[in-house]
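Observations on the model geometry
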Amino acid sequence: MNLPVSDCLISARWIVPVIPSGVVLHHHSLVIRNGRIGAILPTDRIGDEHRTLPRVELPHHLVTAGLINAHGHAAMTLLRGYADDLELDDWLNNHIWPVEGRVVDKSFVYDGSMLAVAEMIGTGTTCAADTYFFPPATADAFSDAGFRGQIGIPVVQFGNAWAETELQHIEKGLEFHDSMKHHDLITTAFSPHAPYTVSDAGFNSIRQHADALDIPVHLHLHETRNETEHSRPLQRIQSLGLLSSRLQAIHMTQLTTSEIDLLARHDVNIVHCPESNMKLASGICPVLALGESGVNVALGTDGAASNNNLDMLEEARSAALLAKVSTRDATGISAVDALEMATINGARLLGLESEIGSIEPGKSADLIAVDFSGVGFQPVYHPISHLIYVASGAHVSHSWINGQCLYHDRCFTHLDVGALRTRVDAWQEKIKAES
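First, a word on what this report is: a plain description of the structure on this page. From a predicted model like this one, the values you see are computed outputs, not experimental measurements.

Further remarks concern the nonpolar core. Judged by nonpolar contacts, the single largest core of 145 residues is most densely connected at Ile10, Trp91, Phe108 and Ile270. The element that contributes the greatest number of residues to this core is helix α3 (residues 106-122), accounting for nine residues. Setting aside anything within four residues of it in sequence, one finds Ile10 in contact with His28, Ser29, Leu30, Ile32, Val56, Leu58, Val63, Leu367 and Trp400. Grouped together as the second largest cluster of nonpolar side chains are five residues, Leu9, Val31, Ala39 and Ile46 included.

Written out as structure tokens, the structure is:
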């Protein structure tokens with residue numbers, strides 16, 4: 001969808017630009033022109049050249065950079081709550097993979113991805129890294145909604161509705177990558193599922209293509225104790241030449257000190273998915289130790305089938321609290337740290353830090369507003385603290401992507417949510433009938 005970009009002036013009670021770190025601007029305004037941030041000004045010093053712009057008044061709101069969900073499976077929103085309270089191996093092998101084999105097709109992926117996009121826009125996420133079967137269908141949903149994302153090329157050894165062999169996954173993925181090369185909002189990555197579902201030959205081919213195309217590799221790695229009990233998959237990934245700044249390693253709940261040092265030396269990016277990991281009892285990513293070693297750690301929700309929502313403000317709060325209790329260090333991950341994990345760290349992981357992840361002149365206007373007017377927010381001593389420890393996605397009132405307001409005063413401006421609900425209801429009945 002080629003949505004029109006509206007120039008405007010956004011005036012808010014608080015603006016948190018993310019960069020510089022921890023800064024809160026009181027009673028400031030953003031000048032948005034041609035989808036980009038033109039200026040950040042004190043509201044009482046707006047010049048005549050900006051006064052004619054349409055104005056969005058947000059007197060009780062905090063405006064910050066759009067949140068970045070650095071790992072998810074958007075289409076799996078259609079399996080939200082389908083199989084809960086199970087360990088990962090049981091959840092995947094006996095529930096998720098079997099039902100996927102029965103119902104997943106292009107229309108499933110499009111509708112599930114559109115449902116995820118609606119949820120993310122409505123809870124403050126403006127960019128997501130996604131991986132699932134039928135990536136062109138995910139791309140169609142993202143494009144039709146005006147949503148920004150990195151869409152992964154799935155690679156697994158077993159056949160499925162999208163591809164029959166590991167090689168066919170790669171071949172079809174390369175065709176998809178070529179079709180996305182000039183897209184304004186979508187980038188691509190290779191997304192081999194995990195070391196236990198991809199062969200050495202598959203990984204070697206992925207590395208060669210990723211190097212040639214200069215695109216990332218998005219990989220579930222060291223997700224559970226079972227995965228690392230008898231071997232260290234990270235050693236295999238290193239031997240295959242995949243450790244680099246191109247690698248986006250997801251979960252990383254089981255790490256030794258020497259492995260953390262190895263990740264730091266190779267500039268590997270990490271995605272922490274605290275709520276999914278807690279729900280599946282997968283383990284805890286050592287976020288504090290990784291950060292102290294200089295490793296970039298972003299945040300992801302994982303799929304709604306294992307979370308069970310895509311609320312990145314909730315995810316940021318969980319990341320901060322989990323880090324504190326697991327290390328017994330109340331100062332370890334602050335509210336400022338958690339916000340940066342959900343914004344600029346995600347942008348760095350995606351290679352988009354010059355475009356999104358903070359509010360700076362020249363960057364794309366990917367923004368959100370959070371309504372602090374409710375009694376549960378009062379009094380407001382430290383706005384960033386309230387954003388992480390009080391707010392949730394339900395308090396997001398506005399979302400802009402590329403300067404286009406897609407969610408205005410808690411109403412979608414371009415999505416037909418009623419029609420989407422009808423399609424989702426039909427999928428629920430089909431999935432129940434196939435189970």
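Don't stop here, the text continues.
Locating Thr77 in the fold gives a position in the loop between β5 (67-72) and α2 (88-103). When its relative accessible area of 4% is taken as the criterion, Thr77 is described as buried. Those residues in contact with Thr77 that lie beyond four places of it in its chain are Gly112, Leu115, Ala116, Glu119, Ala304 and Leu310.

A separate point is unusual backbone geometry. Of note, the bond from Ile19 into Pro20 is cis; its omega dihedral lies within 30 degrees of zero at 0 degrees. Looking at where Pro20 falls in the secondary structure, it is placed in the loop between β1 (8-16) and β2 (25-33). The linkage connecting Gln378 with the following residue, Pro379, adopts the cis geometry, with an omega of -10 degrees. With respect to the secondary-structure elements, Pro379 resides in the loop between β13 (367-371) and α15 (383-389). Positive phi, normally seen in glycine, also occurs at Asp214, with a value near 55 degrees. We note that Asp409 has phi near 50 degrees; this positive angle belongs to a residue other than glycine.

Cut-offs and rules
- Residues numbered from 1 in each chain as written.
- Predicted model: local features only at pLDDT ≥ 70, side-chain atom pairs only at ≥ 80, totals over all residues.
- Heavy atoms only, no water.
- Core = buried A, V, L, I, M, F, W, Y, C linked by side-chain atoms within 4.5 Å.
- Buried < 20%, exposed > 50% of the residue type's maximum accessible area, 1.4 Å probe, protein only.
- Helix = DSSP H or I, 4+ residues; strand = E, 2+ residues; numbered from the N terminus.
- Contact = heavy atoms within 4.5 Å.

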